[in-house]
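Topology and contacts: notes
If you want the building blocks of each chain, they are given just below.
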Amino acid sequence: MKNIGRLSETEMEVMEVIWQEGTPITVSKLLEIFEDKDWKTSTVSTLLKRLIEKGFLTKALDGKVNYYHSTMTLEQFRKIETQSFLNRLYNGKAKNFIAALVDDDELGQKDIAELREWFKQKKGEE
């Protein structure tokens, strides 16, 4: 599993935009996207620096402009975060997480039936 840092809420917001854009992004483009937040260039630059330090971005200079590239897809991030969550709270086992949902009445009979059907379909694919 890739060792990456934890994201703050604001860092996650920036990464979601970068993943959605799907191309290398500049500070000026992010300022444009987040214009309603009234961020300064230094604020965005600091956020991007932190995201590089945490392993989420790389930076490449093209002429006088820095372009920021994501080091992983959103799907890769979700897998890493899910495994980290399971490891921290459920001894690394999805079954323990699902059992907690069932025990706390978070999963109703309809949810359980849907999951059962989903598992049957997944088993048939293998």
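Before going into details, it helps to say that this report is about the structure given with it. (Residues numbered from 1 in each chain as written. Predicted model: local features only at pLDDT ≥ 70, side-chain atom pairs only at ≥ 80, totals over all residues. Heavy atoms only, no water.)

Next up on the list: the packing of helix α1 (residues 9-21) against helix α3 (residues 41-53). Relative orientation of the contacting elements α1 and α3 amounts to 85°, with a least axis distance of 10 Å. Here α3 runs roughly perpendicular to α1, going by the angle between their axes. Facing α1, whose interface residues are T10, E11, V14, M15 and I18, α3 presents L47, L48, R50 and L51. (Axes fitted to C-alpha atoms, helices over the stretch in contact; angles between N-to-C directions. Helix = DSSP H or I, 4+ residues; strand = E, 2+ residues; numbered from the N terminus. Parallel < 35°, antiparallel > 145°, perpendicular 65-115°, else oblique. Contact = heavy atoms within 4.5 Å.)

Our focus in this paragraph is the side chain of E11. Its location among the elements puts E11 in helix α1. In this structure the side chain of E11 is engaged in a polar contact, spanning 2.6 Å, whose partner is the side chain of K54. (Polar contact = N/O pair within 3.5 Å; in protein donor to acceptor, adjacent residues only side chain to side chain.)

We now examine a nonpolar patch on the surface. On the surface, a cluster of nonpolar side chains totalling about 350 Å² of accessible area is made up of I98, V102, W118 and F119. Secondary structure elements with two or more residues in the nonpolar patch: α5 (94-103) and α6 (109-125). Given the relative accessible area of 30%, I98 is considered partly exposed. (Patch = residues over 30% accessible without salt bridge, like charges linked within 9 Å, V, L, I, M, F, W, Y side chains within 5 Å. Areas by Shrake-Rupley, 256 points an atom, 1.4 Å probe, with all protein chains shown as cover. Salt bridge = Lys/Arg side-chain N within 4 Å of Asp/Glu carboxyl O. Buried < 20%, exposed > 50% of the residue type's maximum accessible area, 1.4 Å probe, protein only.)

Okay, the nonpolar core next. Counting residues in hydrophobic clusters, the biggest one holds 21 residues, and the most contacted among them are V14, I18, L30 and L48. Those elements that provide at least two residues to this core are α1, α2 (27-33), α3 and α4 (74-90). Setting aside chain neighbours within four positions, we find V14 in contact with L30, F34, W39, L47, L48 and L51. (Core = buried A, V, L, I, M, F, W, Y, C linked by side-chain atoms within 4.5 Å.)

A few words now on the packing of aromatic side chains. Counted by the stated rule, this structure contains seven aromatic pairs. Plain terms: the ring middles of F34 and W39 are 4.8 Å apart, the flat faces sit at 35° to each other, and that makes the pair tilted. The buried category is assigned to F34, whose relative accessible area is 6%. Each ring, one from F85 and one from F97, has its centre 5.4 Å from the other, and the planes form 85°; the classification is edge-to-face. Of the two residues, F85 is situated in helix α4 and F97 in helix α5; the sequence distance between them amounts to twelve residues. Taken together, the ring pairs in this structure connect W19, F56 and F77 into an aromatic cluster. (Phe/Tyr/Trp six-rings, centres within 6.5 Å; stacked < 30°, edge-to-face > 60°.)

It is worth spelling out the pattern of salt bridges at this point. Scanning the model with the defined rule gives seven salt bridges in all. When the shortest N-O distance is used, the salt bridge between E81 and R6 registers 3.3 Å. Linking E81 in helix α4 with R6 in the segment before α1, this pair joins segments that are 75 residues apart in sequence. Overall, the relative accessible area of 22% leaves E81 in the partly exposed class. For R6, a relative accessible area of 46% gives the class partly exposed. Here K37 ties to E13 by a salt bridge, and the two come within 3.0 Å at their closest N and O atoms. Here E13 lies in helix α1 and K37 lies in the loop between α2 and α3, a separation of 24 residues in the sequence.

As a further point, take the environment of G22. Position of G22 relative to the elements: it lies in the loop between α1 and α2. Judged by its relative accessible area of 60%, G22 is exposed. For the pair formed by G22 and E106, sequence separation is 84 residues and the distance between their alpha carbons is 35 Å.

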